[in-house]
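Survey of secondary and tertiary structure
The chain contents come next:
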Amino acid sequence: MTLALLFPGQGSQSVGMGVALADAFASAREVYAEIDDALGQKLSLLMRDGPEDQLTLTENAQPALMAVSLAAARVLKVEFGIGVTRAGFVAGHSLGEYSALCAAGSITLADTARLLKLRGQAMQRAAPVGRGAMASLIGPKTDLALAEAAAAAGSEVGVCVVANDNNAGNIVISGDKAAVDRAIEKARELGARAIPLNVSAPFHCPLMQPAADEMAEALADARIVAPSVAVVANITAGPETDPEVIRRLLVEQVTGRVRWRESMEWMAGEGAVTRFAEIGSGKVLTGMAKRIAPDAESLSLNTPEELEAFAKSL
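Quick summary incoming for the structure in this document. (Residues numbered from 1 in each chain as written. Predicted model: local features only at pLDDT ≥ 70, side-chain atom pairs only at ≥ 80, totals over all residues. Heavy atoms only, no water.)

Focus on the sheet that holds strand E3 (residues 132-138)
Definition in use: The rule for pairing is simple: two strands pair if DSSP sees at least two bridges between them. What counts as a helix is a DSSP run of H or I of at least four residues, what counts as a strand is a run of E of at least two, and both are numbered from the N terminus. For helices, the axis comes from a line fit to the C-alpha atoms of the stretch in contact; other axes are also lines fit to C-alpha atoms, and the angle between any two N-to-C directions lies between 0 and 180 degrees. Here, two residues are considered to be in contact whenever any of their heavy atoms come within 4.5 Å of each other.
Taken in spatial order, the four strands line up as E4-E5-E3-E6 in an open sheet, and their pairing is antiparallel. Each edge of the open sheet carries a strand with a single partner, namely strand E4 (160-167) and strand E6 (193-196). Averaged over all pairs of adjacent strands, the angle between their axes in this sheet comes to 25 degrees, without regard to strand direction. With seven bridges joining them, E3 and strand E5 (residues 170-176) adopt antiparallel strand pairing. Each residue of the ladder has a partner; that of serine 136, found in E5, is valine 172. In the packing of helix H9 (residues 177-189) onto the sheet, the strands contacted are E3, E4, E5 and E6, and the crossing angle to E5 comes to about 145 degrees.

Structure, rendered in structure tokens:
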């Protein structure tokens with residue numbers, strides 16, 4: 001059995017996430033304390049008590065989601081003796097790629113927290129509120145070709161690209177609001193359901209270039225070492241271990257497409273992964289895994305009971 005650990009991205013946050021881990025394990029509390037210290041902010045209290053509108057802010061949601069994932073990973077290692085090297089690969093959706101790299105020892109926990117805080121702030125600064133938009137294209141007729149056709153129609157009036165190729169039937173477009181509105185009309189003409197998303201910025205599109213420039217500067221100074229487990233990168237949908245390649249791809253990721261479907265297909269195919277475990281808040285990636293790789297086992301690990309059962313199964 002080849003195992004892959006998956007780390008969730010933005011949208012999986014909720015008030016109270018990770019609290020059960022902190023209540024049950026000192027090792028989880030230590031992760032939260034280290035992140036609080038690195039940020040100079042009581043992020044752990046915001047995760048525990050909210051308010052939700054503050055937790056949902058991109059600059060808070062990104063490091064908070066990483067915190068839960070890394071707390072769960074620390075619990076697995078310290079309490080149950082299961083280190084990340086038991087996995088053949090790690091992968092994360094958008095910000096989750098930072099969580100995956102941190103879990104694999106490529107970036108320190110404190111540096112990951114600071115980078116994600118900056119990433120959230122930079123993404124929010126990159127496009128004025130109201131300029132950009134995102135939309136989810138869903139339904140049985142939705143595939144990459146349909147999404148690209150819709151984005152091409154939108155591009156006639158502004159920036160519009162495929163931002164997240166999540167799985168067949170679930171693809172996200174991003175860009176200028178007018179362009180996304182035009183793309184929504186085209187997608188509906190082609191038989192997809194198109195739902196505007198309530199997001200604070202148009203992520204993973206060229207409008208994020210100012211954020212990519214900020215991250216390039218920050219990542220140039222960050223210490224990145226080879227991960228202990230190959231990271232399947234969003235940009236290449238393939239395994240990466242070279243620190244300088246990883247550094248470059250993290251910059252490209254800000255404006256580039258999250259090739260999640262292809263990443264999962266590669267792991268289930270050439271990577272021979274037969275078990276996917278989503279580690280952290282929510283079950284979004286678990287659902288995607290079941291749709292993309294139905295022959296593999298898929299499970300989520302975000303409660304003490306789930307972690308214990310998983311450790312015993314290994």
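Having put the structure on the table, let's press on.
Describing the pairing of strand E9 (residues 275-279)
Threshold: Only protein chains enter the calculation, and the probe is 1.4 Å; a residue is then buried if its accessible area is under 20% of its type maximum, exposed if over 50%, and partly exposed in between.
In terms of burial, E9 is a largely internal element, five of the five residues being buried. Alternating positions in E9 separate into two faces, Arg275, Ala277 and Ile279 on one and Phe276 and Glu278 on the other, with burial throughout. One ladder, built from four bridges, connects strand E1 (residues 3-7) with E9; its direction is parallel. Looking at E9, one finds that leucine 3 is bridged to arginine 275.

Section: the pairing of E5
The element E5 is extensively covered by neighbouring structure, given that seven of its seven residues are classed as buried. Pairing between E4 and E5: six bridges, direction antiparallel. Bridge pairing in E5 places valine 162 opposite isoleucine 173. From the end of E4 to the start of E5, which pair antiparallel, there are two residues, and glycine 169 there has a positive phi angle of about 95 degrees.

Looking at the sheet that holds strand E10 (residues 297-301)
Paired through backbone hydrogen bonds, the strands of a sheet run either parallel or antiparallel to each other. On the basis of which strands lie adjacent, the open sheet formed by six strands has the order E8-E7-E2-E1-E9-E10 and mixed pairing. Every interior strand has two partners, whereas the edge strands, strand E8 (239-240) and E10, have only one. Bridge count between strand E2 (residues 89-92) and strand E7 (residues 230-232): two bridges; the pairing is parallel. Of the residues in E7, the one forming a bridge with phenylalanine 89 is alanine 230. Strands E1, E9 and E10 of the sheet are contacted by helix H13 (residues 284-292), whose axis makes an angle of about 180 degrees with E10. This element, helix H14 (residues 304-313), spans E1, E9 and E10 of the sheet and lies at about 135 degrees to E10.

A word on the pattern of salt bridges
What counts is decided by this rule: Any Lys or Arg side-chain nitrogen found within 4 Å of a carboxyl oxygen on Asp or Glu counts as a salt bridge.
Tallied over the full model, the rule gives 16 salt bridges. Glutamate 59 is the partner of lysine 117 in a salt bridge, and the nearest nitrogen-oxygen pair spans 3.1 Å. Of this pair, lysine 117 sits in helix H7 (residues 109-126) while glutamate 59 sits in helix H5 (residues 58-80); the two residues are 58 residues apart in sequence, bridging distant segments of the chain. Residue classification places lysine 117 among the buried positions, given a relative accessible area of 13%. When salt bridges that share partners are traced, they join Asp165, Arg261 and Glu265 into one network.

Structural notes on the layout of surface pockets
We apply this condition: Grid points spaced at 1 Å over the protein atoms alone were grouped into cavities, where a 1.4 Å probe fits but cannot get out, and pockets, open sets with protein on both sides within 12 Å along at least five of seven lines, with lining residues defined by an atom within 4 Å of a point. Grid points are joined across faces, edges and corners, and a volume is the space filled by probe spheres set on the points. Classes in brief: Ala, Val, Leu, Ile, Met, Phe, Trp, Tyr, Cys and Pro nonpolar; Asp, Glu, Lys and Arg charged; the others, Gly included, polar.
Taken as a whole, the largest pocket spans an internal volume of roughly 740 Å³. Contributing to the lining of the largest pocket are 30 residues, with Gln10, Gly11, Leu197, Val199 and Phe203 lying nearest its centre. Elements with a minimum of two residues in the lining of the largest pocket: helix H4 (52-56), H5, H7, E3, E4, E5 and H13. Residue contributions to the lining of the largest pocket peak at three residues, all from H13. Here the residues of the lining of the largest pocket sort into 11 nonpolar, 17 polar and two charged. Approximately 370 Å³ is the volume found for the second largest pocket. Surrounding the second largest pocket, 20 residues form its lining, Ala73, Arg74, Lys77, Val84 and Ala103 being those nearest its centre. Those elements giving two or more residues to the lining of the second largest pocket turn out to be E1, H5 and helix H6 (96-103). Per element, the largest residue contribution to the lining of the second largest pocket is five residues, and it comes from H5.

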